[in-house]
Amino acid sequence: MTKETKPVAASFFRDHITSKGPGLPSRVILHGVEKIGKTSWAAHAPGVIIGMARGETGLESLIDAKQLPETPHFGEWQVWQDVLDSIDNLRTEEHTFKTLVIDTLNGVERLCHEHVCARDYNNVWGKKGFANYMQGYEVSLADWRKLLVALDNLRAERKMAIIALVHSKIQGFRNPEGADYDRYLPDMHAKAWSLTHKWADAILFANYYTEIIDDGTRPKGIGGQLRSIYTQRHAAYDAGNRLGLPEEIDMGSSGKEAWDNFISAVKQARKGGE
Amino acid sequence: MSLDKSLRVIDAAMRGVEDEAQLVIGTKCRALMTCYDRRWRFDKWSAKSLEETVHLPIVNPATGRTSRTWTQAGKHDGVISGYGRRLLLEHKTCSEDIEDPAATYWRRLDIDSQVSQYVLQHWQAGGKLDGTLYDVIRKPASRPKKITAAVLTSIHATNEYYGQKVSEETKSDLAEFGPRENQELYFHRLCQDMVDRSNRYFQRKVIHRTDGEVVEFASELWDLGQTIADANRDGRHYRNSAACLTYGSPCEYLGVCSGHDTLESDKWERASRVHAELSDDFGGNVLTNSRAKCFQLCRRKHHYRYGLGIRRRDEEGTEALYFGSLMHQSLEAWWSAYLEGTENDKRDEAGGGQLLP
């Protein structure tokens, strides 16, 4: 049986013709140091619903402490299937949410690894199982891609923005042009991060602003109260975006202020691009 | 019923066959389909379509422009639904390790162009799927073997071999031809091995592509069409000597490329259809996955095969091709029992087979 189709199938290319742009909400990743305010920032996104990976219940603590208003969230994701089910429910059921926040992506990655370890390695994590030549991380990529596809579908079918929060880690960078140095990177396995990096529209890094005073004896760091979101790649951290954002966005003194500043920067970038 | 259907296909292919090698292939296929059915019959998949050939335009995703030179086509094994998902179905037979989840067989699927192209084709046709079910069967490497005296005694005493009844015909074979497995005994041994080591022979995995990856592939397909058109325009089809012995045997055009033969010799003929795998002839400017891979492997080979449409007259099917083709037909017959909208669309509700992860 042969199936012929018309010359241009609108369902596919409607969303991918660059002269108009896809018109879909963004896929944003924010990584940052502990207690920088990632969750408070994301909780102010419009029509937000938050999914918390097991152990990442900072949102509930913030709500209890009246630092955040009551915010819709799923029950703590205990296993990998919980994550996929939540995303599928958002895709298929009636609701008015506009933004899904994943808190945190590295926590979800851990659930993915647990799922793969149980399925393919009989729950053996060591050298005779998941960690054998780091194979488990490689095998998990197929499942990780499944998550990204599910998020793509949610974004395309329900026009929902995706915000994923990630903890940062400091990792050495082997510099071929000079001395090696340390960088802030999302705390995920390098291969899963590489896949996710390619998928995202914006990778943001949040940190405290610190000034280094070097009086010739011993360098000292001062400050540490001012918080910023950095949007472009730097030797010291991984970031980057396709949204035309300024290099640095002030996070102010609250999650709301941080979000408002971010949205202003997005709107400004859109105006500037027109 | 699904098993009966697939076994009928094998029986029909084996009717009148006397060649030992072909009979062994037939027995392997029978054993594989018997154990495939045992492994998967309780899965709750139903087939939406089977063996459908699609023919679509090639569109540049950066501009939305449709190619005036090229179209694309492919024959999809099927589209299936179940567990709230709609998947593309791809059957594969192989000789590689599929049991190890980190095996290279699975790792290379991350960028496999056939998966990408078929997903693109469905998306382009308006039916975005949830993934591709890779339904893989590993070919057994064993062959019929001699039987020890002790086993022979046991067969005569119990009338059984690997727990299965042995026919009178086989017993007379053993008396006439000596202690060696005939097709029946070999079948029993294969089945026992496939039941004992089911994961070695049968695997199913769902392969996913993100939207970005599909769009990236669409760009590559567009670029490939442009590159082939440029090569045709300039009449330049350079050779890739690294590809002359790919897949463990010499390229069929090696003699021509190395000057030991010419296309004018009586060994060659013009094929009536260059895309024999498709059910329709869509003309010369169709990019199938096979064609794209051929061009990427060796431009000269692509020119001979798809540009000039030249094939060897005496091309003989290899054992692997024969096995693959027979298994493919058997699998199609097996799945046809689960085709929606037919009288066959019923399945045994008893038992609890393996569910996909």
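The structure presented is a predicted model; accordingly, all values stated were derived computationally and were not measured.

Each value, and the rule that gives it
- Residues numbered from 1 in each chain as written.
- Chains lettered and ligands numbered in written order.
- Predicted model: local features only at pLDDT ≥ 70, side-chain atom pairs only at ≥ 80, totals over all residues.
- Heavy atoms only, no water.
- Helix = DSSP H or I, 4+ residues; strand = E, 2+ residues; numbered from the N terminus.
- Buried < 20%, exposed > 50% of the residue type's maximum accessible area, 1.4 Å probe, protein only.
- Contact = heavy atoms within 4.5 Å.
- Areas by Shrake-Rupley, 256 points an atom, 1.4 Å probe, with all protein chains shown as cover.
- Lys, Arg positive; Asp, Glu negative; His and termini not counted.
- Charge placed at Lys NZ, Arg CZ, Asp CG, Glu CD.
- Core = buried A, V, L, I, M, F, W, Y, C linked by side-chain atoms within 4.5 Å.
- Polar contact = N/O pair within 3.5 Å; in protein donor to acceptor, adjacent residues only side chain to side chain.
- Axes fitted to C-alpha atoms, helices over the stretch in contact; angles between N-to-C directions.
- Left-handed = near helix turned anticlockwise from the far one by under 90°.
- Nonpolar A, V, L, I, M, F, W, Y, C, P; charged D, E, K, R; others polar.
- Patch = residues over 30% accessible without salt bridge, like charges linked within 9 Å, V, L, I, M, F, W, Y side chains within 5 Å.
- Salt bridge = Lys/Arg side-chain N within 4 Å of Asp/Glu carboxyl O.
- pLDDT = per-residue confidence, 0-100.
- Phe/Tyr/Trp six-rings, centres within 6.5 Å; stacked < 30°, edge-to-face > 60°.
- Parallel < 35°, antiparallel > 145°, perpendicular 65-115°, else oblique.
- Pairing = 2+ DSSP bridges.

1. Some points on the overall build of chain B
Thinking step 1. Along chain B, the regular secondary structure elements total 13 helices and 10 strands.
Thinking step 2. By residue count, 51% of the 357 residues in chain B fall in the buried class.
Thinking step 3. By sequence separation, contacts in chain B at least 24 residues apart represent 77% of the contacts at least 6 residues apart.
Thinking step 4. Summed over all atoms, the accessible surface of chain B reaches about 17,000 Å², with 48% contributed by carbon and sulfur.
Thinking step 5. For chain B, the distance from the average position of its 50 positive side-chain charges to the average position of its 53 negative side-chain charges is 3 Å.

2. What about the nonpolar core?
Thinking step 1. If you look at the biggest cluster of nonpolar residues, it comprises 36 residues, and the most contacted ones within it are L32, M33, Y36, I80, M194, F202 and W335 of chain B.
Thinking step 2. Among the elements of the structure, α1 (2–14), α2 (20–40), β1 (46–59), β3 (85–94), β4 (132–138), α7 (183–196), β7 (202–207) and α13 (319–336) of chain B are those that each provide at least two residues to this core.
Thinking step 3. If one sorts the elements of this core by residue count, α2 of chain B sits on top with nine residues.
Thinking step 4. For Y36 of chain B, the residues in contact, after removing those within four places along its chain, are R41, D135, I137, F202, R204, L331, W334 and W335 of chain B.
Thinking step 5. I49, W80, L90 and L111 of chain A belong to the second-largest nonpolar core, a separate cluster that totals 34 residues.

3. A short note on the side chain of S330 of chain B
Residues and elements named next belong to chain B.
Thinking step 1. Counting through the fold element by element, S330 comes out in helix α13.
Thinking step 2. Among the polar contacts listed, one links the side chain of S330 to the backbone oxygen of L326, at a separation of 2.7 Å.
Thinking step 3. Ignoring anything within four residues of it in the chain, the contact list for S330 reads S6, V9, I10 and M33.

4. Thoughts on the packing of helix α5 (residues 105–121) of chain A against helix α6 (residues 135–158) of chain A
Residues and elements named next belong to chain A.
Thinking step 1. Orientation of α5 relative to α6, taken along the N-to-C sense of each, is 115°, at an axis distance of 9 Å. Classified by chirality, the crossing of α6 by α5 is right-handed. In this structure, α5 contributes L105, V108, E109, C112, H113, H115, V116, R119, D120 and Y121 to the contact, and α6 contributes Q135, G136, Y137, V139, S140, D143, W144 and L147.
Thinking step 2. Residues that form the contact of α5 with α6 fall into these classes: nine nonpolar, five polar and four charged.

5. Topic: a negative patch on the surface
Thinking step 1. A grouping of E247, E248, D250 and E257 of chain A is seen on the molecular surface, where their side chains present a negatively charged patch.
Thinking step 2. Among the residues examined, E248 of chain A registers a relative accessible area of 43% and is labelled partly exposed.

6. A few points about the confidence of the model for chain B
Residues and elements named next belong to chain B.
Thinking step 1. The predicted model of chain B averages 89 in pLDDT, with 94% of residues at 70 or higher.
Thinking step 2. Overall, residues 348–357 carries pLDDT values under 50, and its contacts beyond four positions in sequence, including any with other chains, amount to 20 contacts.
Thinking step 3. Scored by ipTM, the complex comes to 0.72, with pTM at 0.81.

7. A word on unusual backbone geometry
Thinking step 1. A cis amide bond, omega 0°, links D103 of chain A with the succeeding residue T104 of chain A.
Thinking step 2. Turning to its location among the elements, T104 of chain A is positioned in the loop between β4 (99–103) and α5.
Thinking step 3. Its identity is not glycine, yet K66 of chain A carries a phi of approximately 60°, on the positive side.
Thinking step 4. Here K66 of chain A lies in the loop between α3 (58–64) and α4 (80–92).
Thinking step 5. Positive phi, normally seen in glycine, also occurs at E51 of chain B, with a value near 50°.
Thinking step 6. Along the chain, E51 of chain B turns up in strand β1.

8. Quick word on the packing of aromatic side chains
Thinking step 1. For the structure on display, the rule yields 24 aromatic pairs over all chains.
Thinking step 2. Ring geometry for W80 of chain A against W144 of chain A: centres 6.3 Å apart, planes inclined by 25°, an arrangement best described as stacked. Of this pair, W80 of chain A sits in helix α4 while W144 of chain A sits in helix α6, and the two are 64 residues apart along the sequence.
Thinking step 3. The buried category is assigned to W144 of chain A, whose relative accessible area is 1%.
Thinking step 4. When the ring of Y253 of chain B is compared with that of W268 of chain B, the centres are 5.3 Å apart and the planes differ by 10°; the resulting orientation is stacked. In this pair, Y253 of chain B sits in the loop between α9 (211–234) and α10 (254–257) while W268 of chain B sits in strand β8 (residues 268–270), placing the two residues 15 residues apart along the sequence.
Thinking step 5. A relative accessible area of 0% places Y253 of chain B in the buried class.

9. Some words on the packing of α4 of chain A against α6 of chain A
All names here are of chain A.
Thinking step 1. Viewed as axis vectors pointing N to C, α4 and α6 meet at an angle of 15°, and their least axial separation amounts to 9 Å. By the angle class used here, α4 and α6 are roughly parallel. The way α4 lies across α6 gives a crossing that is left-handed. Together, W80, V83, L84, I87, L90, R91 and T92 of α4 and D143, W144, K146, L147, A150, L151, N153, L154, E157 and R158 of α6 make up the contact between the two elements.

10. As for the environment of R233 of chain A
Residue and element names in this part refer to chain A.
Thinking step 1. Note on placement: R233 falls in the loop between β8 (220–230) and β9 (240–241).
Thinking step 2. The exposure class of R233 is exposed, given its relative accessible area of 51%.
Thinking step 3. Sequence separation between R233 and R54 is 179 residues, and the spatial gap between their C-alpha atoms is 30 Å.
Thinking step 4. Those residues in contact with R233, other than ones at most four positions away along the chain, are R183, A239 and G240.

11. Observations regarding the environment of L120 of chain B
Thinking step 1. One can find L120 of chain B in helix α4 (residues 113–124).
Thinking step 2. The sequence separation of L120 of chain B and Q226 of chain B amounts to 106 residues, and the corresponding C-alpha distance is 18 Å.

12. Side note on helix α11 (residues 289–297) of chain B
One turn of an α-helix holds 3.6 residues; hence residues three or four places apart share an orientation.
Thinking step 1. Looking at α11 of chain B, one finds that the buried residues are N289, R291, A292, C294 and F295 of chain B.
Thinking step 2. Elements in contact with the buried residues of α11 of chain B: β2 (66–82), α4, α9, β9 (286–287) and α12 (299–307) of chain B.

13. What to know about the side chain of T288 of chain B
Thinking step 1. Residue position: T288 of chain B is located in the loop between β9 and α11.
Thinking step 2. At 3.1 Å, the side chain of T288 of chain B and the backbone nitrogen of R291 of chain B are in polar contact.

14. Some thoughts on the pairing of β4 of chain A
All names here are of chain A.
Thinking step 1. Counting buried positions along β4 yields five of five residues, so the element is predominantly enclosed.
Thinking step 2. Covered by surrounding structure in β4 are T99, V101 and D103 together with L100 and I102, the residues of both alternating faces.
Thinking step 3. In terms of strand pairing, strand β3 (residues 48–52) meets β4 through five bridges, oriented parallel. What sits directly across from G51, in β4, is I102.
Thinking step 4. Bridging between β4 and strand β5 (residues 161–173) involves five bridges; their strand directions are parallel.

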